[in-house]
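Observations on chain architecture
Listed below are the residues making up each chain.
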Amino acid sequence: MRKFLLYSSLFALIVVASSCNNELRRIEKSNNFEKKLAYADKLYSKKKYNTAQTLYQDLLQVYKGTEKFEGLYYNYAYCSYYVKDYVQAAFHFKNYLDVFPNSPRAVEIDYMQAYCYYKQSPKVSLDQTNTMKAIAQMQTFINNYPQAEKVPEANLVIELCRRKLELKEFNSAELYYNLGFYKAAGIAFKNLMRNYPDSDKSDSYKIMAIRAYYNYAKNSIEEKQKERYETVVSEYMDFADHYPNSKLKADAEKFYTLAQNNIKSLENEQNKEKSNQ
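So, here's what we can say about the structure. Just so you know, these numbers come straight off a predicted model, no measurement behind them.

Conventions we followed
The numbering scheme is per chain: residues are counted from 1 as the chain's sequence reads. Since the coordinates come from a predicted model, pLDDT governs what is reported: local features require at least 70, and pairs of side-chain atoms require 80 or more to be given and counted, while whole-chain, interface and lining totals use all residues. Neither water nor hydrogens contribute to the side-chain values; these are computed over all heavy atoms in the structure. Strands are runs of DSSP state E lasting at least 2 residues, helices are runs of H or I lasting at least 4, and numbering of each runs from the N terminus. Relative accessible area decides the class of each residue, using a 1.4 Å probe on protein chains only: under 20% of the type maximum gives buried, over 50% gives exposed, and in between gives partly exposed. In what follows, residue pairs with any heavy atoms lying within 4.5 Å of each other are defined as contacts. Every accessible area reported is derived by Shrake-Rupley at a probe size of 1.4 Å, with residue values counting cover from the shown protein chains alone. Like-charged residues are merged into a patch within 9 Å and nonpolar side chains (Val, Leu, Ile, Met, Phe, Trp, Tyr) within 5 Å, provided each residue has over 30% relative accessible area and no salt bridge. Whenever a carboxyl oxygen of Asp or Glu lies within 4 Å of a side-chain nitrogen of Lys or Arg, that contact is scored as a salt bridge. Interaxial angle, 0 to 180 degrees, is taken between N-to-C directions of lines fitted to C-alpha atoms, where a helix line uses only the stretch in contact. Just so you know how the angles are binned, under 35 degrees is roughly parallel, over 145 roughly antiparallel, 65 to 115 roughly perpendicular, and the rest oblique. Crossing chirality is assigned from the near helix's rotation relative to the far helix, an anticlockwise turn below a right angle marking it left-handed and a clockwise turn marking it right-handed. Residue type decides the class: Asp, Glu, Lys and Arg count as charged, Ala, Val, Leu, Ile, Met, Phe, Trp, Tyr, Cys and Pro as nonpolar, and the leftover types, Gly among them, as polar. Note on terminology: a nonpolar core comprises buried Ala, Val, Leu, Ile, Met, Phe, Trp, Tyr and Cys residues joined through side-chain atoms within 4.5 Å. Note on aromatic contacts: the rings of Phe and Tyr and the six-membered ring of Trp form a pair at centre separations within 6.5 Å, being stacked when their planes are under 30 degrees apart, edge-to-face when over 60 apart, and tilted otherwise. For a helix, the expected span equals 1.5 Å multiplied by the residue count minus one. To get the bend at any residue, fit one axis to the seven residues that end at it and another to the seven that begin at it, then take the angle between the two axes.

Each helix and strand counted, the protein chain has twelve helices and zero strands in total. Relative to its full complement of 277 residues, the protein chain shows a buried share of 38%. Within the protein chain, counting contacts between residues at least 6 apart in sequence, those at least 24 apart form 52% of the total. Of the roughly 17,200 Å² of accessible surface on the protein chain, 51% is carried by carbon and sulfur atoms.

Together, Leu 175, Tyr 176, Leu 179 and Phe 181 make up a nonpolar patch on the protein surface, roughly 410 Å² of accessible area in all. Tracing the backbone through its elements, the reader meets Phe 181 in the loop between helix H8 (151-178) and helix H9 (182-195).

What follows deals with the pattern of salt bridges. Side chains that carry opposite charge are capable of pairing whenever their charged atoms lie near each other. Summed over the entire model, instances satisfying the criterion amount to nine salt bridges. Between Glu 235 and Lys 190 there is a salt bridge, with the nearest N and O atoms lying 2.8 Å from each other. With Glu 235 in helix H11 (residues 222-242) and Lys 190 in helix H9, this residue pair connects regions lying 45 residues apart in the sequence. Across the salt bridge formed by Asp 251 and Arg 211, the nearest N and O atoms sit 3.8 Å from each other.

This part is about the side chain of Ser 246. Counting through the fold element by element, Ser 246 comes out in the loop between H11 and helix H12 (249-276). By relative accessible area, Ser 246 is classed as buried at 14%. Excluding anything up to four places from it in sequence, Ser 246 contacts Asp 203 and Phe 239.

In this section: unusual backbone geometry. Look at Lys 47: it is not a glycine, yet its phi comes out positive at around 65°. With respect to the helices and strands, Lys 47 occurs in the loop between helix H2 (33-45) and helix H3 (49-63). Of note in this structure, Lys 84 is not a glycine but carries a positive phi near 70°. With respect to the helices, strands and loops of the structure, Lys 84 is situated in the loop between helix H4 (69-82) and helix H5 (86-99). When its relative accessible area of 63% is taken as the criterion, Lys 84 is described as exposed.

Helices that pack against each other are described as a pair by the angle of their axes relative to one another and the distance between those axes. Where H4 contacts helix H6 (residues 106-119), the axes come no closer than 12 Å and their chain directions differ by 20°. By the angle between their directions, the pair H4 and H6 is classed as roughly parallel. In this structure, the crossing between H4 and H6 has a hand that is left-handed. Here Tyr 74, Tyr 78 and Tyr 81 of H4 come into contact with H6, specifically with Glu 108, Ile 109, Met 112, Tyr 115, Cys 116 and Lys 119. Classifying every residue of the contact of H4 with H6 gives seven nonpolar, no polar and two charged.

Membership of the largest hydrophobic core comes to 76 residues, with the highest contact counts inside it found for Tyr 56, Tyr 78, Tyr 81, Phe 93, Tyr 111, Met 138 and Phe 189. With sequence-adjacent residues up to four places away left out, Tyr 111 is seen in contact with Met 138, Phe 141, Lys 150, Glu 153, Ala 154 and Val 157.

Further remarks concern the packing of aromatic side chains. Throughout the structure, instances matching the rule amount to 27 aromatic pairs. When the ring of Tyr 73 is compared with that of Tyr 76, the centres are 5.9 Å apart and the planes differ by 45°; the resulting orientation is tilted. Taken together, the residues span about one helical turn, with Tyr 73 and Tyr 76 both in helix H4 at a distance of three residues. Across this residue pair, the class does not change: Tyr 73 and Tyr 76 are buried. Plain terms: the ring middles of Tyr 111 and Tyr 115 are 5.8 Å apart, the flat faces sit at 20° to each other, and that makes the pair stacked.

Attention shifts here to H3. Taking 1.5 Å of rise per residue, the 15 residues of H3 would be expected to cover 21 Å, and the 19 Å separating its terminal C-alpha atoms lies within 8% of that figure. Taken as a whole, H3 carries its principal kink of about 30° at Gln 57. Within the sequence span of H3, burial applies to Tyr 49, Ala 52, Gln 53, Leu 55, Tyr 56, Leu 59, Leu 60 and Tyr 63. Gly 65 occupies a position one or two residues after H3 and carries a positive phi of about 90°.

With respect to the helices and strands, the residue Asp 58 is situated in helix H3. The sequence separation of Asp 58 and Lys 36 amounts to 22 residues, and the corresponding C-alpha distance is 9.2 Å.

This next bit is on the packing of H8 against H9. Interhelical geometry of H8 versus H9 gives an angle of 165° and a closest axis separation of 7 Å. Our classification of the angle between H8 and H9 gives roughly antiparallel. Along this stretch, H8 crosses H9, giving a crossing that reads as left-handed. Within the contact between the two elements, H8 uses Arg 162, Glu 166, Glu 169, Phe 170, Ala 173, Glu 174, Tyr 176 and Tyr 177 and H9 uses Tyr 182, Ala 184, Ala 185, Ala 188, Phe 189, Asn 191, Leu 192 and Asn 195. A class-by-class count of the residues in the contact of H8 with H9 yields ten nonpolar, two polar and four charged.

This is the structure in structure tokens:
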């Protein structure tokens, strides 16, 4: 009995699917554009976006310039978004705004255009061009529509994108440090602080810059060491000024003390050499 019910259900599904396919083929071949548009809208409402998109595409030139074109193109653009073709979706959302700049949907579509760049933002290790485009587009959206309901979401997207860019910069700086390129690491960590001054990790970036400059000095030829240890001292003073309550202050003081002691040792050696001349 169970097998009979299972086979009956499968047969019914096959019949329904076949019927739908036959109906779709008839609609595709039909010159009844009103019927084709209604069927495309029906598929869209049922979230069958790939098939709906194909029908909408056939109707674009038919309805271009008519009062139905805006609604058709609106659904057509969203079809690309829902099938996760964010490149095409961004293109169509932009084109929608170009064609219907005064549409009541303009705010929504402007946001969606920017959001498509965010959806194209790749993992941290890859090129972040689309992440930067998402930030720029979202900021433009906020500037154009400062009172829009989507502004908080736009700000959140910008924040998420900035965190991704920050992490990418951190990974690069850390790689320099791990590879022993200490001068480059020090510069990279300082750039991180400049680029993301409000980061809650700013003091840790400063510590890494101090570490990097200390190791750079330590591994330098003797003639250059004093000058480079003085950079460590200077970086520590800046740290103490900007982060007086940091939990990392003890670490910073350690490198400050080491640098000061090394400077004194170098000065003593220099004085001995002078006295022996």
